[in-house]
Amino acid sequence: MWLRSFVVAFVLQMMLAGLVHAAGPFGTIHVGNWNGGAFTNDSTGAFSHCAASTPYANGMTLLVGQDSNNAWLLGFANPAFRFKKGENLTIDVTFDGQAEVRLFATAFSEVMVSAVLPTNVARAFQKASLMVAVARGTPFQFSLTSTAPLLAAVSNCVTRVKADGLDKVGDFTKMTAKPQATPDKQAAPAAGGKPARAKSGTGFVVSTSGHIVTNHHVIDGCAGDIKGNLTGEAAMALRVVSSDANNDLALLQAPSTTTFKDFARIRDRSIRSGDSVVAIGFPYHGILTSDFTVTTGIVSSLSGMRNDSRFLQISAPVQPGNSGGPLFDSTGQVVGVVTSKIPALRIAVATGNIPENINFAIKTGVLRDFLDNSVVSYQTAEPKSELKTTDIAANARPYTMLISCNATEQADTKR
(Lines give C-alpha, C1' and ligand atoms only; values in the text may rest on other atoms or scores of the structure.)
Protein backbone atom coordinates (compact mmCIF):
# COMPACT_ATOMS: atom_id res chain seq x y z
CA MET A 1 0.00 0.00 0.00
CA TRP A 2 2.76 2.43 0.89
CA LEU A 3 4.53 2.12 -2.44
CA ARG A 4 1.30 2.94 -4.25
CA SER A 5 0.84 6.08 -2.21
CA PHE A 6 4.48 6.98 -2.82
CA VAL A 7 4.01 6.79 -6.56
CA VAL A 8 0.92 8.99 -6.37
CA ALA A 9 2.79 11.69 -4.50
CA PHE A 10 6.06 11.63 -6.41
CA VAL A 11 6.12 9.98 -9.76
CA LEU A 12 3.26 10.39 -12.18
CA GLN A 13 -0.07 12.10 -11.90
CA MET A 14 -1.57 9.58 -14.29
CA MET A 15 -1.96 6.66 -11.85
CA LEU A 16 -5.14 4.70 -11.20
CA ALA A 17 -8.02 6.73 -9.81
CA GLY A 18 -8.31 4.41 -6.82
CA LEU A 19 -5.00 5.64 -5.51
CA VAL A 20 -5.80 9.32 -5.17
CA HIS A 21 -6.71 8.88 -1.50
CA ALA A 22 -3.06 8.42 -0.53
CA ALA A 23 -1.81 10.89 2.10
CA GLY A 24 1.62 12.45 2.05
CA PRO A 25 4.23 13.61 2.10
CA PHE A 26 4.26 14.76 5.74
CA GLY A 27 7.39 16.70 6.57
CA THR A 28 10.21 16.94 4.07
CA ILE A 29 13.25 15.04 2.90
CA HIS A 30 15.44 17.08 0.59
CA VAL A 31 18.93 15.75 -0.15
CA GLY A 32 20.51 16.79 -3.44
CA ASN A 33 17.92 15.99 -6.13
CA TRP A 34 16.04 13.62 -3.81
CA ASN A 35 12.72 14.79 -2.40
CA GLY A 36 10.27 13.01 -0.14
CA GLY A 37 8.81 12.72 3.34
CA ALA A 38 6.58 10.52 5.49
CA PHE A 39 3.52 8.72 4.16
CA THR A 40 0.46 6.99 5.50
CA ASN A 41 -1.35 3.86 4.40
CA ASP A 42 -3.97 4.94 1.86
CA SER A 43 -6.62 2.73 3.50
CA THR A 44 -6.06 3.05 7.25
CA GLY A 45 -4.40 6.46 7.49
CA ALA A 46 -1.67 5.02 9.76
CA PHE A 47 2.02 5.86 9.23
CA SER A 48 3.49 3.34 6.82
CA HIS A 49 6.85 4.55 5.51
CA CYS A 50 9.28 7.32 4.66
CA ALA A 51 10.62 7.68 1.13
CA ALA A 52 12.19 9.94 -1.45
CA SER A 53 12.57 9.97 -5.24
CA THR A 54 14.68 11.57 -7.92
CA PRO A 55 14.04 11.86 -11.70
CA TYR A 56 16.53 11.00 -14.44
CA ALA A 57 16.88 12.39 -17.95
CA ASN A 58 16.13 8.96 -19.46
CA GLY A 59 12.58 9.20 -18.13
CA MET A 60 13.19 6.94 -15.15
CA THR A 61 12.38 7.88 -11.58
CA LEU A 62 14.27 6.12 -8.80
CA LEU A 63 12.52 5.68 -5.45
CA VAL A 64 14.05 4.72 -2.10
CA GLY A 65 12.09 4.10 1.07
CA GLN A 66 12.03 2.48 4.49
CA ASP A 67 8.81 1.15 6.00
CA SER A 68 7.66 1.26 9.62
CA ASN A 69 9.34 -2.13 10.19
CA ASN A 70 12.68 -0.70 9.00
CA ALA A 71 12.75 -2.69 5.74
CA TRP A 72 14.41 -0.93 2.80
CA LEU A 73 12.82 -0.85 -0.67
CA LEU A 74 13.92 0.32 -4.09
CA GLY A 75 11.46 1.34 -6.80
CA PHE A 76 11.69 2.14 -10.52
CA ALA A 77 9.02 4.13 -12.37
CA ASN A 78 8.67 5.20 -15.98
CA PRO A 79 5.58 6.32 -17.95
CA ALA A 80 6.77 4.07 -20.79
CA PHE A 81 6.51 0.91 -18.65
CA ARG A 82 3.65 -1.47 -19.38
CA PHE A 83 3.49 -3.94 -16.53
CA LYS A 84 0.54 -5.94 -15.31
CA LYS A 85 -0.37 -4.99 -11.76
CA GLY A 86 0.96 -7.69 -9.41
CA GLU A 87 3.37 -9.03 -12.01
CA ASN A 88 6.65 -10.45 -10.64
CA LEU A 89 10.00 -10.00 -12.32
CA THR A 90 13.71 -10.07 -11.55
CA ILE A 91 15.99 -7.05 -11.67
CA ASP A 92 19.76 -7.57 -11.74
CA VAL A 93 21.67 -4.66 -10.24
CA THR A 94 25.39 -3.89 -10.23
CA PHE A 95 27.05 -1.22 -8.09
CA ASP A 96 30.29 0.35 -9.33
CA GLY A 97 30.98 -2.66 -11.55
CA GLN A 98 31.07 -5.10 -8.64
CA ALA A 99 29.28 -8.47 -8.38
CA GLU A 100 25.74 -8.56 -9.75
CA VAL A 101 22.85 -8.88 -7.30
CA ARG A 102 19.42 -10.21 -8.24
CA LEU A 103 16.36 -8.46 -6.79
CA PHE A 104 12.83 -9.84 -6.93
CA ALA A 105 10.40 -7.08 -7.83
CA THR A 106 6.63 -6.66 -8.04
CA ALA A 107 4.67 -4.29 -10.27
CA PHE A 108 2.43 -2.06 -8.18
CA SER A 109 1.01 -0.47 -11.32
CA GLU A 110 1.69 -0.60 -15.03
CA VAL A 111 4.37 2.08 -14.71
CA MET A 112 6.16 1.18 -11.48
CA VAL A 113 7.95 -1.81 -9.91
CA SER A 114 9.64 -2.19 -6.54
CA ALA A 115 11.86 -4.65 -4.70
CA VAL A 116 12.90 -5.22 -1.11
CA LEU A 117 16.55 -4.35 -0.56
CA PRO A 118 18.48 -6.85 1.58
CA THR A 119 20.59 -5.02 4.12
CA ASN A 120 23.87 -5.82 2.38
CA VAL A 121 22.47 -4.45 -0.88
CA ALA A 122 21.22 -1.33 0.90
CA ARG A 123 24.75 -0.76 2.20
CA ALA A 124 26.16 -1.20 -1.31
CA PHE A 125 23.60 1.29 -2.66
CA GLN A 126 24.56 3.72 0.10
CA LYS A 127 28.23 3.68 -0.91
CA ALA A 128 27.98 3.38 -4.72
CA SER A 129 28.35 6.12 -7.31
CA LEU A 130 26.92 4.15 -10.24
CA MET A 131 24.14 1.57 -10.44
CA VAL A 132 23.18 -0.47 -13.49
CA ALA A 133 19.82 -2.26 -13.36
CA VAL A 134 18.80 -4.84 -15.96
CA ALA A 135 15.14 -5.83 -16.30
CA ARG A 136 13.88 -8.06 -19.13
CA GLY A 137 17.20 -7.66 -20.89
CA THR A 138 17.07 -3.86 -20.92
CA PRO A 139 19.83 -2.06 -18.95
CA PHE A 140 19.21 1.21 -17.13
CA GLN A 141 22.08 3.28 -15.76
CA PHE A 142 21.78 5.51 -12.68
CA SER A 143 24.37 7.95 -11.44
CA LEU A 144 24.03 7.88 -7.66
CA THR A 145 24.69 11.00 -5.63
CA SER A 146 23.96 11.90 -2.01
CA THR A 147 22.83 8.35 -1.22
CA ALA A 148 24.54 8.15 2.18
CA PRO A 149 22.85 11.29 3.59
CA LEU A 150 19.64 10.27 1.80
CA LEU A 151 19.41 6.93 3.59
CA ALA A 152 20.29 8.64 6.87
CA ALA A 153 17.47 11.16 6.34
CA VAL A 154 14.96 8.46 5.41
CA SER A 155 15.92 6.41 8.47
CA ASN A 156 15.73 9.54 10.62
CA CYS A 157 12.24 10.17 9.24
CA VAL A 158 11.04 6.70 10.27
CA THR A 159 12.58 6.99 13.73
CA ARG A 160 11.12 10.43 14.40
CA VAL A 161 7.63 9.67 13.13
CA LYS A 162 7.46 6.46 15.14
CA ALA A 163 8.61 8.35 18.24
CA ASP A 164 6.69 11.64 17.86
CA GLY A 165 3.86 10.96 15.40
CA LEU A 166 2.95 12.72 12.19
CA ASP A 167 1.78 15.88 13.95
CA LYS A 168 5.38 16.83 14.81
CA VAL A 169 7.04 16.21 11.46
CA GLY A 170 9.50 18.68 10.00
CA ASP A 171 12.67 18.66 7.95
CA PHE A 172 14.02 15.13 8.34
CA THR A 173 17.37 16.06 6.83
CA LYS A 174 18.17 18.18 9.90
CA MET A 175 19.74 15.69 12.27
CA THR A 176 22.12 17.87 14.28
CA ALA A 177 21.71 17.58 18.01
CA LYS A 178 20.34 20.38 20.13
CA PRO A 179 22.86 22.59 21.96
CA GLN A 180 23.92 21.11 25.27
CA ALA A 181 22.60 22.69 28.43
CA THR A 182 25.18 24.42 30.60
CA PRO A 183 26.30 22.14 33.44
CA ASP A 184 25.37 24.52 36.26
CA LYS A 185 21.72 24.74 35.25
CA GLN A 186 19.21 22.50 37.00
CA ALA A 187 17.51 19.94 34.78
CA ALA A 188 14.22 21.12 33.38
CA PRO A 189 11.10 19.71 35.06
CA ALA A 190 9.58 16.71 33.34
CA ALA A 191 5.89 16.33 32.53
CA GLY A 192 3.77 16.89 35.63
CA GLY A 193 6.26 19.38 37.10
CA LYS A 194 8.64 16.73 38.48
CA PRO A 195 12.36 17.41 37.92
CA ALA A 196 14.27 15.12 35.58
CA ARG A 197 16.84 12.80 37.13
CA ALA A 198 20.31 11.95 35.96
CA LYS A 199 20.59 8.63 34.13
CA SER A 200 23.63 6.88 32.70
CA GLY A 201 24.84 3.74 31.01
CA THR A 202 27.53 2.59 28.62
CA GLY A 203 27.91 2.41 24.85
CA PHE A 204 30.58 1.47 22.33
CA VAL A 205 31.48 2.69 18.85
CA VAL A 206 31.00 0.20 15.99
CA SER A 207 31.90 2.27 12.91
CA THR A 208 34.25 5.01 11.75
CA SER A 209 31.11 7.09 11.12
CA GLY A 210 30.51 7.29 14.87
CA HIS A 211 27.65 4.80 15.28
CA ILE A 212 27.34 3.84 18.94
CA VAL A 213 25.53 0.80 20.35
CA THR A 214 23.85 0.87 23.75
CA ASN A 215 20.70 -0.52 25.39
CA HIS A 216 17.25 0.84 24.61
CA HIS A 217 16.56 1.18 28.33
CA VAL A 218 19.65 3.40 28.73
CA ILE A 219 18.11 6.12 26.53
CA ASP A 220 14.43 5.38 27.16
CA GLY A 221 12.75 8.35 28.86
CA CYS A 222 15.61 10.80 28.21
CA ALA A 223 14.06 14.25 28.53
CA GLY A 224 16.75 16.22 26.71
CA ASP A 225 20.11 15.81 25.05
CA ILE A 226 21.86 12.46 25.19
CA LYS A 227 25.56 12.90 25.87
CA GLY A 228 28.53 10.65 25.25
CA ASN A 229 31.90 10.84 26.99
CA LEU A 230 35.06 8.99 26.16
CA THR A 231 37.27 8.83 29.24
CA GLY A 232 39.16 12.09 29.67
CA GLU A 233 37.44 13.84 26.77
CA ALA A 234 34.70 16.47 26.52
CA ALA A 235 31.08 15.39 26.21
CA MET A 236 29.49 15.23 22.77
CA ALA A 237 25.80 15.38 21.88
CA LEU A 238 24.46 12.14 20.42
CA ARG A 239 21.35 11.61 18.32
CA VAL A 240 19.19 8.50 18.24
CA VAL A 241 19.36 6.68 14.88
CA SER A 242 17.18 3.68 15.74
CA SER A 243 15.94 1.76 18.74
CA ASP A 244 14.54 -1.72 19.40
CA ALA A 245 12.73 -1.97 22.73
CA ASN A 246 11.96 -5.67 22.26
CA ASN A 247 15.63 -6.63 22.02
CA ASP A 248 16.79 -3.75 24.24
CA LEU A 249 19.13 -2.20 21.70
CA ALA A 250 19.62 1.37 20.54
CA LEU A 251 21.86 3.00 17.96
CA LEU A 252 23.22 6.50 18.51
CA GLN A 253 25.47 8.64 16.35
CA ALA A 254 28.13 11.17 17.20
CA PRO A 255 28.31 14.56 15.42
CA SER A 256 29.60 14.41 11.85
CA THR A 257 32.62 16.48 12.89
CA THR A 258 33.79 13.67 15.19
CA THR A 259 36.04 10.95 13.78
CA PHE A 260 36.82 7.57 15.29
CA LYS A 261 39.94 5.68 14.25
CA ASP A 262 39.18 2.88 16.70
CA PHE A 263 35.95 0.92 17.00
CA ALA A 264 34.77 -2.47 18.20
CA ARG A 265 34.90 -5.58 16.03
CA ILE A 266 32.17 -8.18 16.45
CA ARG A 267 33.23 -11.81 16.83
CA ASP A 268 32.31 -13.82 13.75
CA ARG A 269 32.29 -17.20 15.48
CA SER A 270 29.90 -18.52 18.11
CA ILE A 271 31.07 -18.39 21.70
CA ARG A 272 30.82 -21.45 23.94
CA SER A 273 29.74 -22.10 27.50
CA GLY A 274 32.77 -21.79 29.75
CA ASP A 275 34.63 -19.32 27.54
CA SER A 276 36.20 -16.36 29.35
CA VAL A 277 34.63 -12.92 28.97
CA VAL A 278 35.48 -9.35 29.96
CA ALA A 279 32.80 -6.71 30.71
CA ILE A 280 33.65 -3.00 30.51
CA GLY A 281 31.37 -0.16 31.57
CA PHE A 282 30.62 2.82 33.80
CA PRO A 283 28.71 1.49 36.85
CA TYR A 284 27.40 3.91 39.49
CA HIS A 285 28.76 6.92 37.63
CA GLY A 286 29.27 9.85 40.00
CA ILE A 287 29.72 7.52 42.98
CA LEU A 288 32.53 5.23 41.84
CA THR A 289 35.48 6.11 39.61
CA SER A 290 34.94 8.39 36.61
CA ASP A 291 36.94 5.90 34.52
CA PHE A 292 35.38 2.71 33.22
CA THR A 293 35.60 -0.48 35.26
CA VAL A 294 36.67 -3.91 34.10
CA THR A 295 35.30 -7.23 35.36
CA THR A 296 35.95 -10.79 34.22
CA GLY A 297 34.05 -14.06 34.25
CA ILE A 298 32.84 -16.82 31.98
CA VAL A 299 29.86 -17.60 29.79
CA SER A 300 27.68 -19.55 32.22
CA SER A 301 24.93 -20.40 29.73
CA LEU A 302 24.03 -19.81 26.09
CA SER A 303 20.52 -18.68 27.01
CA GLY A 304 18.94 -16.18 29.35
CA MET A 305 15.92 -16.19 31.63
CA ARG A 306 13.42 -18.91 30.73
CA ASN A 307 15.73 -20.23 28.00
CA ASP A 308 15.63 -16.98 26.02
CA SER A 309 18.07 -17.72 23.19
CA ARG A 310 18.73 -14.03 22.47
CA PHE A 311 20.91 -13.74 25.58
CA LEU A 312 24.05 -15.10 27.18
CA GLN A 313 24.26 -15.70 30.91
CA ILE A 314 27.59 -14.49 32.25
CA SER A 315 29.35 -14.57 35.62
CA ALA A 316 31.27 -11.31 35.11
CA PRO A 317 29.94 -8.91 37.77
CA VAL A 318 27.94 -5.96 36.40
CA GLN A 319 26.13 -3.13 38.15
CA PRO A 320 23.70 -0.34 37.22
CA GLY A 321 25.53 1.73 34.61
CA ASN A 322 27.17 -1.27 32.90
CA SER A 323 24.12 -1.59 30.64
CA GLY A 324 24.91 -1.13 26.96
CA GLY A 325 28.59 -1.85 27.45
CA PRO A 326 30.65 -4.27 25.37
CA LEU A 327 31.26 -7.85 26.44
CA PHE A 328 34.55 -9.17 25.03
CA ASP A 329 36.01 -12.62 24.53
CA SER A 330 39.59 -13.34 25.56
CA THR A 331 40.88 -12.11 22.18
CA GLY A 332 39.23 -8.69 22.44
CA GLN A 333 36.31 -9.26 20.03
CA VAL A 334 32.77 -8.24 21.05
CA VAL A 335 30.60 -11.25 21.92
CA GLY A 336 27.64 -9.43 23.46
CA VAL A 337 26.06 -6.26 24.81
CA VAL A 338 25.65 -6.19 28.59
CA THR A 339 21.98 -5.66 29.35
CA SER A 340 20.95 -6.62 32.91
CA LYS A 341 21.56 -8.52 36.09
CA ILE A 342 19.14 -10.89 37.75
CA PRO A 343 16.76 -9.16 40.24
CA ALA A 344 18.47 -10.53 43.35
CA LEU A 345 15.96 -9.32 45.93
CA ARG A 346 12.98 -10.72 44.06
CA ILE A 347 14.74 -14.07 43.64
CA ALA A 348 15.69 -14.04 47.33
CA VAL A 349 12.07 -13.45 48.36
CA ALA A 350 10.91 -16.28 46.11
CA THR A 351 13.62 -18.82 46.96
CA GLY A 352 15.18 -17.72 50.25
CA ASN A 353 18.61 -17.48 48.58
CA ILE A 354 20.46 -14.50 47.15
CA PRO A 355 21.81 -15.29 43.66
CA GLU A 356 25.37 -14.30 42.86
CA ASN A 357 27.03 -13.38 39.55
CA ILE A 358 24.04 -14.11 37.33
CA ASN A 359 24.05 -11.45 34.63
CA PHE A 360 23.02 -11.25 31.00
CA ALA A 361 24.25 -9.96 27.65
CA ILE A 362 22.57 -9.72 24.24
CA LYS A 363 24.11 -12.10 21.72
CA THR A 364 25.94 -10.83 18.65
CA GLY A 365 23.42 -12.46 16.29
CA VAL A 366 20.71 -10.15 17.62
CA LEU A 367 23.12 -7.21 17.55
CA ARG A 368 24.15 -7.85 13.93
CA ASP A 369 20.52 -8.12 12.80
CA PHE A 370 19.84 -4.79 14.48
CA LEU A 371 22.85 -3.12 12.84
CA ASP A 372 21.96 -4.62 9.45
CA ASN A 373 18.42 -3.25 9.70
CA SER A 374 19.89 0.15 10.63
CA VAL A 375 22.20 -0.01 7.56
CA VAL A 376 25.38 0.34 9.60
CA SER A 377 28.69 -0.75 8.13
CA TYR A 378 30.33 -2.64 11.01
CA GLN A 379 33.25 -5.05 11.03
CA THR A 380 33.48 -8.66 12.16
CA ALA A 381 36.59 -10.59 13.10
CA GLU A 382 37.66 -14.13 13.78
CA PRO A 383 39.05 -14.83 17.27
CA LYS A 384 42.81 -14.37 17.33
CA SER A 385 45.41 -15.11 19.97
CA GLU A 386 44.37 -14.45 23.54
CA LEU A 387 45.14 -11.07 25.10
CA LYS A 388 45.73 -10.01 28.66
CA THR A 389 42.73 -8.36 30.28
CA THR A 390 44.79 -5.16 30.61
CA ASP A 391 45.35 -5.13 26.84
CA ILE A 392 41.64 -5.73 26.11
CA ALA A 393 40.78 -2.79 28.35
CA ALA A 394 43.44 -0.56 26.77
CA ASN A 395 42.19 -1.38 23.28
CA ALA A 396 38.59 -0.63 24.31
CA ARG A 397 39.34 2.76 25.84
CA PRO A 398 39.13 4.81 22.58
CA TYR A 399 35.63 3.56 21.76
CA THR A 400 33.88 2.71 25.07
CA MET A 401 31.67 5.61 26.06
CA LEU A 402 29.71 6.86 29.06
CA ILE A 403 26.12 7.57 27.93
CA SER A 404 24.12 10.02 30.05
CA CYS A 405 20.99 12.14 29.98
CA ASN A 406 18.32 13.65 32.19
CA ALA A 407 15.37 11.28 32.34
CA THR A 408 11.74 11.62 33.30
CA GLU A 409 10.31 10.00 36.42
CA GLN A 410 8.65 7.37 34.25
CA ALA A 411 11.90 6.24 32.64
CA ASP A 412 12.89 2.64 32.99
CA THR A 413 15.09 2.25 36.08
CA LYS A 414 16.82 -0.89 34.84
CA ARG A 415 20.31 0.07 33.75
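In case you missed it, the structure is sitting above this.
By convention here, each chain's residues receive numbers from 1 onward along its written sequence. pLDDT decides what is reported in this predicted model: residues at 70 or higher carry local features, side-chain atom pairs at 80 or more are listed and counted, and totals for whole chains, interfaces and linings draw on all residues regardless. Excluding hydrogens and water, the side-chain figures rest on all heavy atoms present in the structure.

Draft legend 1. Structural context of the pattern of salt bridges. We define a salt bridge as a contact between a side-chain nitrogen of Lys or Arg and a carboxyl oxygen of Asp or Glu at a distance within 4 Å. All chains considered together, the criterion is met by 9 salt bridges. Between Arg269 and Glu382 there is a salt bridge, and its shortest N-O distance comes to 2.9 Å. In this pair, Arg269 is assigned in the loop between strand E16 (266-267) and strand E17 (276-281) and Glu382 in the loop between strand E23 (380-381) and helix H7 (389-396), connecting sequence segments 113 residues apart. Burial here depends on accessible area, computed with a 1.4 Å probe over protein chains only, as a share of the maximum for the residue type. Under 20% is buried, over 50% is exposed, and the range in between is partly exposed. Judged by relative accessible area, Glu382 falls into the partly exposed class, the value being 38%. One salt bridge in this structure joins Asp308 and Arg310, with 2.7 Å as the shortest N-O distance. Counting from the N terminus, the helices are the DSSP runs of H or I reaching at least four residues and the strands are the DSSP runs of E reaching at least two.

Draft legend 2. Local environment of the sheet that holds strand E3 (residues 47-55). We call two strands paired when DSSP finds no fewer than two bridges between them. Within the open sheet, the 10 strands sit side by side as E1-E2-E3-E4-E5-E8-E7-E6-E9-E10. Their pairing is antiparallel. If you trace the sheet from one side to the other, it starts and ends with strand E1 (26-31) and strand E10 (138-143), each paired once. In this sheet, adjacent strand axes meet at a mean angle of 25° when their direction is disregarded. Helix axes use the C-alpha atoms of the stretch in contact, all axes being lines fitted to C-alpha atoms, and the angles between their N-to-C directions lie in the range 0 to 180 degrees.

Draft legend 3. Local environment of the state of the cysteines. Any two cysteine sulfur atoms lying within 2.5 Å of each other are counted as a disulfide. As enumerated under the stated definition, the model contains 2 disulfides in all. Cys50 shares a disulfide with Cys157; S-S distance 2.0 Å. In this structure the cystine formed by Cys50 and Cys157 twists about its S-S bond by roughly -70°; its chirality is therefore left-handed. Of this pair, Cys50 sits in strand E3 while Cys157 sits in helix H3 (residues 147-164), and the two are 107 residues apart along the sequence. The burial state of Cys50 is the same as that of Cys157; both residues are buried. Note on cysteine connectivity: Cys222 is disulfide-linked to Cys405, with sulfurs 2.1 Å apart.

Draft legend 4. Structural detail: unusual backbone geometry. Phi is positive for Arg306, which is not a glycine, with a value near 55°. As for its placement among the helices and strands, Arg306 is situated in the loop between strand E18 (293-301) and strand E19 (311-314). A positive phi angle, close to 60°, is found at Asn307, a residue other than glycine. Take Asn307: it is sitting in the loop between E18 and E19.

Draft legend 5. Looking closely at the packing of aromatic side chains. Each Phe, Tyr or Trp ring, with Trp reduced to its six-membered ring, pairs with another whose centre is within 6.5 Å; inter-plane angles below 30 degrees give stacked pairs, above 60 give edge-to-face pairs, and intermediate values give tilted ones. Counting across every chain of the model gives 6 aromatic pairs. Here the aromatic rings of Tyr56 and Phe142 are separated by 5.1 Å at their centres, their planes lie at 85°, and the arrangement is edge-to-face. Taken together, the residues Tyr56 in the loop between E3 and strand E4 (61-67) and Phe142 in strand E10 connect sequence positions 86 residues apart. Summarising the burial analysis for this pair, Tyr56 and Phe142 share the class buried. Measuring from ring centre to ring centre gives 6.3 Å for Phe95 and Phe125, while their planes differ by 80°; the resulting arrangement is edge-to-face. You can see Phe95 sitting in strand E6 (residues 88-95) and its partner Phe125 sitting in helix H2 (residues 119-127), a full 30 residues away along the chain.

Draft legend 6. Structural detail: the sheet that holds strand E14 (residues 236-244). Strand order in the closed barrel formed by 6 strands is E11-E12-E15-E14-E13-E24, with antiparallel pairing between adjacent strands. Taken pair by pair, the neighbouring strands of this sheet meet at an average axis angle of 40°, ignoring direction. Where E14 lies against strand E15 (residues 249-253), 5 bridges are found, and the strand directions are antiparallel. Bridging across to E15, Asp244 finds its partner in Leu249.

Draft legend 7. A look at the pairing of E10. Direction of pairing for strand E9 (residues 130-135) relative to E10: antiparallel, over a ladder of 6 bridges. If you follow Leu130 over to E10, its bridge partner there is Ser143. What sits between E9 and E10 in their antiparallel hairpin is a turn of 2 residues, with Arg136 showing a positive phi close to 55°.

Draft legend 8. Seen up close, the environment of Ile91. Tracing the chain through its elements places Ile91 in strand E6. Through-space distance from the C-alpha of Ile91 to that of Thr138 is 9.8 Å; in sequence the pair is 47 residues apart. The residues contacting Ile91, other than those within four sequence positions of it, are Phe76, Val101, Arg102, Leu103, Ala105, Val113, Ala133, Val134 and Ala135. In what follows, residue pairs with any heavy atoms lying within 4.5 Å of each other are defined as contacts.

Draft legend 9. Looking closely at the environment of Pro55. Among the secondary structure elements, Pro55 is positioned in strand E3. When the C-alpha atoms of Pro55 and Trp34 are compared, they prove to be 8.3 Å apart, with 21 residues separating the residues in sequence. Here Pro55 is in contact with Asn33, Met60 and Thr61, once residues within four sequence places are set aside.

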